Amino acid sequence: MMHYALPPSLDDDIVRFEQDFAEFRGGRLHKTAFTAKRVKMGVYLERDRSSYMCRIRCSGNIITPKQLAGVASLAKIYGKGQICVTTRAEVQLHRIEEQDVIPVLRKLKEIGLSCKGGGGNTVRNIIANYDSGISSKEVFDVQPCLQALAERLLRESDSWDLPRKMKIGFCSLTEEDSLGFVQDIGFIAHLNADGKEGFRVYIGGGLGAHPKVGVQLHEFIPQEEVYNVVRAVKNMFHLYGNRRNKHRNRLKFLLHDDLGPSAFRTYYRQELNKVLEMGYPKLDVLPLDNEKNVRRDIPLEPEKEDSDDFRTWKKRHVVNQRQKGLCRIRLSLFSGNLLADDCIALEKFSRPFGENILRFGTDQNMYLVNIPEKYLANVYKEIVGYSALSDKPMLYGNLVSCSGSQGCQAGLTAPKAVTEATFKYLDTVAAADFCPPNDIMIRISGCPNSCTNHWIADLGFYGKVRRVEGHMIPTYNVLGNGGMFGGILRIAEKIGWVHAYDLPRFITEVMRRYANFKEQSETIVDFHDYWRSGGRDIISELCTSGYNDIPSFAEDKNYYFDHGADELFSLKNLGHEECSAGIYDIINVDDKLVRKNLMQLAVEKHPTDENLETLLQGILFHGARMLLVTRGEEAKTEADVYSLFTRHFLDTGLIAEAHRPLLLSACQGKSDSLCEQKEQVIAFGEDITTLYKNMDDTMRFPGERENMMVQAAKKHDEPLTPPHGQRRRPNKFKDLSGVQCPLNFAQVKVQLFAMSPGEVLEVILDDGTPIENVPESVKSEGHTILCQEKTGEQWSVLIQKS
């Protein structure tokens, strides 16, 4: 298995997203609610607020040459004419116009690619070290297991509605690579005492503004148990994840802060036992043949090249694989960018070598793999003219930077621009003085979010805004000594800051001193040796003595601009981080409107009748709608809003019975006399905002759990199994006809959530994908499918809550 299969629901997902897009453009879907739907599909609004970025999943860092050329063609037609490789080994298209987003998603599907899960609270792109399967140092190839897991998870509807994003990574290189320690779930290849292939499992790692190192969850699990581990963790995340606070709702906070490792393991073990009882099918792990090009009859004449530049290139960028006679070649990219024309040319050139020759690295570079050694000169002559860094020292490809304020809404500074300035500085000022070391990784982020993984860099930076004489100035905090050492992951230490304007000069100066250290050492040393041998204090002193004195605006205006900018530095275009948009953002839209109207009524003592009616109508409608999403409901009409609110909040006792006449009147379309019910509407608005305020982090309301227990006690004597031949009478009914995946499963979950164990839910599902997916997903959560009956084009499904 070389590449994951797209989920069967993808066509429906794109149709639904197209409808959402139309609703949004028509003003019928609030932008926040639309954002929550949009980012799940991997589509982000760019900094200019007028174009979009599409992030394309590439499971296991793999893309085929044909797919790469297909993506490049889309970049030429719809985007900015280049692709961008991310630090999660995906590829992004930028500057996609609004009307082109849906055509891009459909054309990606035609070449076997998808953006779904490229953002939002979903299972994100699953990654591995780029040299898995070809490295001479690895334990075994993790790609087959990774691809099988990705394919399984992409088919599960609850992978798209998590409390927050979930990142999963595999590593074939034992514990020499940091990859497995900074994922929500990390699998590191390991052999047990019997030589069986499996993994050490680490949980709760992550970077961002609050970096955490993953802790070991399993000393060893065989490959066939990988899905069960992920299934149990997903169940735990759904049960205990904090959905309210988007800044603390990653698994790392649940593990390290909320539960603690010991309690986390206890809850995890409970979930894992449930999962094992379910007896899920094993992953379909199929080996990936990386030796094929050893045997392949390649219709290409090997070329000769004897120049010094060729020899230098080979020394820098070519590594022998464990498959004898095959090589891995690094195509270093500037901040992950490569022109679309180069991608298309690469596809044409590489056809004789087959489909299994491309990998993306988490260092934003591209790797050609499985290339026979005798064709190195052919490759060199082909790629040396690309818009890459093949003729530059290794350091250039080791400098990772995000788009920052030049594309991302959350970016404070412009790392790509400062990286370009650093290259120019190294090319001109520094080139004559020393040779930049090639064994150091530098990562530059435009904000604390760590999109470049600056916390595990040898030398890292992240954007920080400071003030001088009332002016905002762009600066970078300086970090160092992150990464692996002796099998242990170190989080980098923050030791100072420098101004953005000086960063190229600062990086060059650090490189110069590190190069001197290496020259004077009698043994082979690396940057960590330099750090421990006084380099840390030297760099810290360098910050304070040479780079923290900012001239006044009158003395030097350069310090008040960012690199690549022609305007004074400011945050006027700064937006919000989009990737965490979820249910709470949707609720908050209505909640703010209700509270705004209540406040306006309190201020305006004598509003006009027309204004009063408008304010009251807003309180009633938005108040009734705001919490429906917690029950999995999506009302299509105003009458639906009041009807569903009555069912879920009045009939269940979550809101006072005194509000029933008001809601009944609204259900019947008689809300045109709200002025006469002013006090009742205000009381309703206050009660609903209070109810939301008291909702816990898992979307439960005060007393709800107790009510469920009472209901369960009342049902105690009711037999769970009906007499033979009789159909169990459902306790609740939900018609989900016309509701597509995964929203139908989400609504089933919410219905079950409000029910007591043993109660039965009847749902109506459409034929096709809904009936294929929803029952399996329900069973995966431990509930029982009592029966499925087809009538016409629909199915009735009886579900008994576990």
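## Let's talk about the sheet that holds strand β13 (residues 358-360)
Read from one edge to the other, the open sheet built from four strands follows the order β10-β11-β14-β13, with strand pairing classed as antiparallel. Because the sheet does not close on itself, it has two edges, and the strands there are β10 (318-320) and β13. On average, adjacent strands in this sheet sit at an angle of 25° to one another, irrespective of strand direction. Of the pairings in the sheet, the one linking β10 to strand β11 (residues 326-331) comprises three bridges and is antiparallel in character. Within β11, the residue paired with V318 across the bridge is I329.

## Section: the packing of aromatic side chains
How two aromatic rings sit relative to each other is given by the distance of their centres and the angle of their planes. Considering all chains together, one arrives at 32 aromatic pairs under this definition. A centroid spacing of 5.4 Å and a plane angle of 80° characterise the contact between F170 and F199, whose relative ring orientation is edge-to-face. Here F170, found in strand β6 (residues 168-171), pairs with F199, found in strand β8 (residues 197-203); they are 29 residues apart in sequence, far enough to count as distant. The exposure class of F170 is buried, given its relative accessible area of 0%. Three or more aromatic residues joined by ring pairs make a cluster, and in this case those are F17, F21, F24, F34 and Y52. When the ring centre of Y227 is taken as reference, the NZ or CZ atom of R152 above it lies at 4.6 Å.

## Quick word on the pairing of strand β3 (residues 82-85)
Here β3 shows a buried face lined by Q82 and C84 and a second buried face lined by I83 and V85. Direction of pairing for β3 relative to strand β12 (residues 337-339): antiparallel, over a ladder of three bridges. In the sheet register, C84 faces β12, and the bridge partner there is N337. Sheet topology note: the β3/strand β4 (residues 91-97) ladder contains two bridges and is antiparallel. The residue bridging C84 from the neighbouring strand is Q92, located in β4. Between β3 and β4, which pair antiparallel and follow one another directly, the connecting turn spans five residues, one of which, A89, has a positive phi of 55°.

## What to know about the pattern of salt bridges
By the definition in use, this model includes 41 salt bridges. For R311, the salt bridge goes to D308, with nearest N and O atoms at 2.6 Å. Here R311 pairs with D308, and both are found in helix α10 (residues 308-317), just three residues apart, close to one helical turn. By relative accessible area, which is 39% here, R311 ends up partly exposed. If you follow the salt bridges from partner to partner, you end up with E156, D158, R231 and K234 in one network.

## Topic: the sheet that holds β6
The pairing of strands in a sheet comes from backbone hydrogen bonds and takes either a parallel or an antiparallel form. Across the sheet, which stays open at both edges, the five strands sit in the order β5-β6-β7-β8-β9 with mixed pairing between neighbours. Looking at strand neighbours, the two that pair on one side only are β5 (127-128) and β9 (215-222), the edges of this open sheet. Looking at chain direction, β8 and β9 are connected through five bridges and run antiparallel. The partner of V201 across the bridge, within β9, is H218.

## A closer look at helix α18 (residues 609-625)
Between its first and last C-alpha, α18 extends 24 Å over 17 residues, near the 24 Å set by a 1.5 Å rise per residue. Every buried residue belonging to α18 is among L612, E613, L615, L616, G618, I619, L620, F621, H622, G623 and A624, and all of these are buried.

## Regarding the confidence of the model for the chain
The pLDDT averaged across the chain works out to 88; a share of 93% of its residues lies at or above 70. Within the chain, helix α22 (residues 704-714) has the poorest average pLDDT of any element, 49, and strand β14 (residues 366-372) the best, 98. Across residues 708-723 the pLDDT falls below 50, and counting only partners more than four positions away or on other chains, this stretch makes 17 contacts in the model.

## What about helix α5 (residues 143-154)?
For an α-helix the count is 3.6 residues per turn, leaving residues at separations of three or four pointing the same way. Across its 12 residues, α5 extends 16 Å between first and last C-alpha, which sits within 8% of the 16 Å expected from 1.5 Å per residue. Of all the residues in α5, the buried ones are Q143, P144, C145, L146, Q147, A148, L149, A150, R152, L153 and L154. For α5, the elements touching its buried residues are β5, β6, β8 and α6 (226-240).

## A word on the environment of R625
Its place among the elements puts R625 in helix α18. You can call R625 partly exposed: its relative accessible area is 31%. For the pair R625 and V641, spaced 16 residues apart in the sequence, the C-alpha separation amounts to 5.7 Å. Setting aside residues no more than four positions away along its own chain, R625 makes contact with D590 and V641.

## Quick look at unusual backbone geometry
For Q364, which is not glycine, the phi dihedral falls at a positive 70°. At N453, a position not held by glycine, the phi torsion is positive, near 65°. The topology assignment puts N453 in the loop between β16 (442-445) and β17 (459-468). By relative accessible area, which is 18% here, N453 ends up buried.

## Some thoughts on the environment of A666
Locating A666 in the fold gives a position in helix α20 (residues 660-667). Sequence separation between A666 and Q617 is 49 residues; the distance between their C-alpha atoms is 9.8 Å.

## Considering the packing of helix α3 (residues 65-78) against helix α11 (residues 340-350)
Orientation of α3 relative to α11, taken along the N-to-C sense of each, is 155°, at an axis distance of 8 Å. Here α3 is positioned roughly antiparallel relative to α11, judged by the angle of their axes. Here α3 and α11 pass one another in a crossing that is left-handed. Here P65, K66, L68, A69, A72, S73, A75 and K76 of α3 lie close against α11, whose contacting residues are A340, D341, C343, I344, L346, E347 and S350. The residue inventory of the contact of α3 with α11, partitioned by class, reads nine nonpolar, two polar and four charged.

## A closer look at the nonpolar core
By size, the foremost hydrophobic cluster in this structure holds 78 residues, and its most contacted members are I83 and M366. With six residues, the top contributor of residues to this core is α3. Listed in part, the 40 residues of the second largest apolar core include I126, I168, F199 and L254.

## Things to note about the pairing of β6
In β6, alternate side chains face the same way, and those of I168 and F170 on one face and G169 and C171 on the other are all buried. Here β5 runs beside β6; their pairing, made up of two bridges, is parallel. Residue A128 lies in a different strand from β6, and its bridge partner there is F170. As paired strands, β6 and strand β7 (residues 185-191) are joined by four bridges and run parallel to one another. What sits directly across from F170, in β7, is F187.

Conventions and cut-offs
- Residues numbered from 1 in each chain as written.
- Predicted model: local features only at pLDDT ≥ 70, side-chain atom pairs only at ≥ 80, totals over all residues.
- Heavy atoms only, no water.
- Pairing = 2+ DSSP bridges.
- Helix = DSSP H or I, 4+ residues; strand = E, 2+ residues; numbered from the N terminus.
- Axes fitted to C-alpha atoms, helices over the stretch in contact; angles between N-to-C directions.
- Phe/Tyr/Trp six-rings, centres within 6.5 Å; stacked < 30°, edge-to-face > 60°.
- Buried < 20%, exposed > 50% of the residue type's maximum accessible area, 1.4 Å probe, protein only.
- Lys NZ or Arg CZ within 6 Å of the ring centre and 35° of its normal.
- Salt bridge = Lys/Arg side-chain N within 4 Å of Asp/Glu carboxyl O.
- Expected span 1.5 Å × (residues − 1).
- pLDDT = per-residue confidence, 0-100.
- Contact = heavy atoms within 4.5 Å.
- Parallel < 35°, antiparallel > 145°, perpendicular 65-115°, else oblique.
- Left-handed = near helix turned anticlockwise from the far one by under 90°.
- Nonpolar A, V, L, I, M, F, W, Y, C, P; charged D, E, K, R; others polar.
- Core = buried A, V, L, I, M, F, W, Y, C linked by side-chain atoms within 4.5 Å.

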